[in-house]
Amino acid sequence: MKTPVVLVTGFLGSGKTTLISRLLQHPGLADTAVIVNELGEVGIDHHLLRRVDERTVLLANGCVCCTLRDDLATELRDLLDRRDAGEIPAFGRVVVETTGIADPTPIVNTLLADPLVPHHYELETVVATVDGQHGLQGDEAVKQVAAADTLVLTKPDLASDDDLDELEQRVGTLNPTAPVLRVEQGDVDPGALLARHHDAHALDRVPSGLPPAHPHDGDGVAAIVLDLDEALDWTAFGVWLTMLLQARGTDVLRVKGLLDVGGAGPLLVNCVQHAVHPPVHLDSWPDADHRSRLVVIGRGLDRAVLERSLRAFDRAARA
């Protein structure tokens, strides 16, 4: 059985460590190993977790999304070896905390595409903290929001309800499939955060029409929703998605959706830029709406162009 990995990301000072510290106090997460990434040579955050033992690993003096990607894979494998050898207590889950300026995409790719890591670990969910007091800050924060399965608005006690409502609307426009939780001092039920990527009902929350991107959302990043009445050819969709990711590069931040491929239930697809999760076949549809629903989050994307190209690939496969 694979060990689930929870990736916690969020901008500098947005409350990642506070959230993880509170989560570790829940009895159900007592056997969790933690990998903390910090940029400086002297790490601080891992001490703030209030539980520094053999299962807490510090990756310092570099960012796990770039210079330390190999270190992350090495530490994940090392944790398994030390657990199997009885050198550290057993653990049933791993939480990885990124730096505040990390792009989650390369980390997700390490967890999904490393030659050895996916044989022993599975990415359970991506949680992004958003500073409720200061809002979205820079392009990194936008990428973190787009990559998340769940968004946690922190410091709600330090912001007005109107500002929180506006921020919640903005992040909801950027990532309409991710539930948004307002959490003070990390006090949240772990069940509200874990295993979100298997939640097919997330697509039920996506409105058919979304407001335009906010001028400060990160250089025009917005979510586009494609609703397709007919069943899709899975192979054609795979080719279309591959070519879209290659053609638009970093413009496409996230693709997530339920696809009607002719089975009793839909196919759940999920990718963060070029990191593509294995598709999941669901036994049944979450509701009476059996249309293919696809959410594409990115910059400078045109809904009509995306839908037209996808339909063209699908027609060509059936010709």
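Residues numbered from 1 in each chain as written. Predicted model: local features only at pLDDT ≥ 70, side-chain atom pairs only at ≥ 80, totals over all residues. Heavy atoms only, no water.

## A few points about the packing of aromatic side chains
Evaluated as defined, the whole model comprises 2 aromatic pairs. Ring centres of Phe 237 and Trp 240 lie 5.7 Å apart, and the angle between their planes is 40 degrees; this geometry places the pair in the tilted category. Remark: Trp 240 and Phe 237 occur in helix α8 (residues 234–248); sequence separation between them is 3 residues, near one turn of the helix. One aromatic cluster is present, built from ring pairs that chain together Trp 234, Phe 237 and Trp 240. The ring of Phe 91 has Arg 83 lying over it, and the distance from NZ or CZ to the ring centre is 4.6 Å. (Phe/Tyr/Trp six-rings, centres within 6.5 Å; stacked < 30°, edge-to-face > 60°. Helix = DSSP H or I, 4+ residues; strand = E, 2+ residues; numbered from the N terminus. Lys NZ or Arg CZ within 6 Å of the ring centre and 35° of its normal.)

## Thoughts on the packing of α8 against helix α9 (residues 303–318)
Two elements in contact, α8 and α9, have axes separated by 9 Å at closest approach and are oriented at 140 degrees. Viewed along their axes, α8 and α9 adopt a mutual orientation that is oblique. Here α8 runs over α9; the crossing is right-handed. On the side of α8, the interface is formed by Ala 236, Phe 237, Val 239, Trp 240, Met 243 and Leu 244, while α9 contributes Leu 306, Ser 309, Leu 310, Phe 313, Asp 314 and Ala 317. A breakdown of the residues in the contact of α8 with α9 according to their chemical character gives 10 nonpolar, 1 polar and 1 charged. (Axes fitted to C-alpha atoms, helices over the stretch in contact; angles between N-to-C directions. Parallel < 35°, antiparallel > 145°, perpendicular 65-115°, else oblique. Left-handed = near helix turned anticlockwise from the far one by under 90°. Contact = heavy atoms within 4.5 Å. Nonpolar A, V, L, I, M, F, W, Y, C, P; charged D, E, K, R; others polar.)

## Notes on α9
Count 3.6 residues to each turn of an α-helix, and residues three or four apart come out pointing the same way. When the terminal C-alpha atoms of α9 are compared, their 23 Å separation across 16 residues agrees well with the 22 Å that a helix rising 1.5 Å per residue should span. Residues of α9 that are buried in the fold lie against β8 (221–228), α8 and β13 (292–299). Measuring from the side-chain oxygen of the N-cap residue of α9 to the backbone nitrogen of Ala 304 gives 2.9 Å; that N-cap residue is Asp 302. (Expected span 1.5 Å × (residues − 1). Polar contact = N/O pair within 3.5 Å; in protein donor to acceptor, adjacent residues only side chain to side chain.)

## Overview of the environment of Gln 137
Within the secondary structure layout, Gln 137 lies in the loop between β5 (121–131) and α6 (138–147). Discounting chain neighbours no more than four positions away, the residues touching Gln 137 are Phe 11 and Asp 131.

## Brief notes about empty space enclosed by the protein
Tallied over the entire structure, the rule returns 2 cavities of 30 Å³ or more. Within this model, the largest cavity holds a volume of roughly 70 Å³. Looking at the largest cavity, the residues that line it are Val 6, Val 8, Leu 19, Leu 23, Leu 29, Thr 32, Arg 93, Val 95, Val 127, Leu 193 and Leu 194. For the lining of the largest cavity, the secondary structure elements donating two or more residues are β1 (3–10), α1 (16–24) and β4 (93–97). Of the residues contributing to the lining of the largest cavity, the split by class is 9 nonpolar, 1 polar and 1 charged. In this structure, the second largest cavity encloses a volume near 60 Å³. Lining the second largest cavity are 13 residues, with Phe 11, Thr 129, Val 130, Leu 136 and Ala 141 sitting closest to its centre. If you list the elements that add at least two residues to the lining of the second largest cavity, you get β5 and α6. A per-element tally of the lining of the second largest cavity places β5 first, with 4 residues. Of the residues belonging to the lining of the second largest cavity, the class tally is 6 nonpolar, 6 polar and 1 charged. (1 Å grid on protein atoms, 1.4 Å probe; cavity = no way out; pocket = protein on both sides within 12 Å on 5 of 7 lines; lining within 4 Å. Points joined across faces, edges and corners; volume = space filled by probe spheres on them.)

## Quick look at a negative patch on the surface
Residues Asp 161, Asp 162, Asp 163 and Glu 166 make up a contiguous surface patch of negative charge. By the secondary structure assignment, Asp 162 is in helix α7 (residues 161–174). Given a relative accessible area of 62%, Asp 162 falls into the exposed group. (Patch = residues over 30% accessible without salt bridge, like charges linked within 9 Å, V, L, I, M, F, W, Y side chains within 5 Å. Areas by Shrake-Rupley, 256 points an atom, 1.4 Å probe, with all protein chains shown as cover. Salt bridge = Lys/Arg side-chain N within 4 Å of Asp/Glu carboxyl O. Lys, Arg positive; Asp, Glu negative; His and termini not counted. Charge placed at Lys NZ, Arg CZ, Asp CG, Glu CD. Buried < 20%, exposed > 50% of the residue type's maximum accessible area, 1.4 Å probe, protein only.)

## Let's talk about the pattern of salt bridges
Opposite charge on two side chains permits pairing when their charged atoms draw close. The full count for this structure, using the stated rule, is 19 salt bridges. Here Asp 139 ties to Arg 299 by a salt bridge, and the two come within 2.3 Å at their closest N and O atoms. Remark: Arg 299 occurs in strand β13 and Asp 139 occurs in helix α6; sequence separation between them is 160 residues. Here Arg 291 ties to Asp 289 by a salt bridge, and the two come within 2.8 Å at their closest N and O atoms. Classification of Arg 291 by relative accessible area gives partly exposed; the value is 30%. A single network of salt bridges, built from pairs that share partners, joins Asp 103, Asp 139, Lys 143 and Arg 299.

## Considerations on α1
Counting buried residues along α1, 7 of its 9 residues qualify, which places the element largely inside the surrounding structure. Within the sequence span of α1, burial applies to Lys 16, Thr 17, Leu 19, Ile 20, Ser 21, Leu 23 and Leu 24.

## Details of the nonpolar core
Ranked by internal contacts, the top residues of the largest apolar core, which has 23 residues, are Val 130, Leu 136, Val 145, Leu 151 and Val 171. Of all elements in the fold, only β5, α6, β6 (150–154), α7, β8 and β13 reach the threshold of two or more residues within this core. Leu 79, Leu 111, Leu 123 and Ala 275 belong to the second-largest nonpolar core, a separate cluster that totals 22 residues. (Core = buried A, V, L, I, M, F, W, Y, C linked by side-chain atoms within 4.5 Å.)

## What about the pairing of strand β7 (residues 180–183)?
Relative to β7, β6 runs parallel, the two being bridged by 4 bridges. Looking at the pairing, Leu 151 lines up with Val 180 of β7. For the segment spanning β6, α7 and β7, crossover handedness is right-handed. (Pairing = 2+ DSSP bridges. Right-handed = clockwise from strand over helix to strand, strands pointing away.)

These figures capture arrangement, not role.
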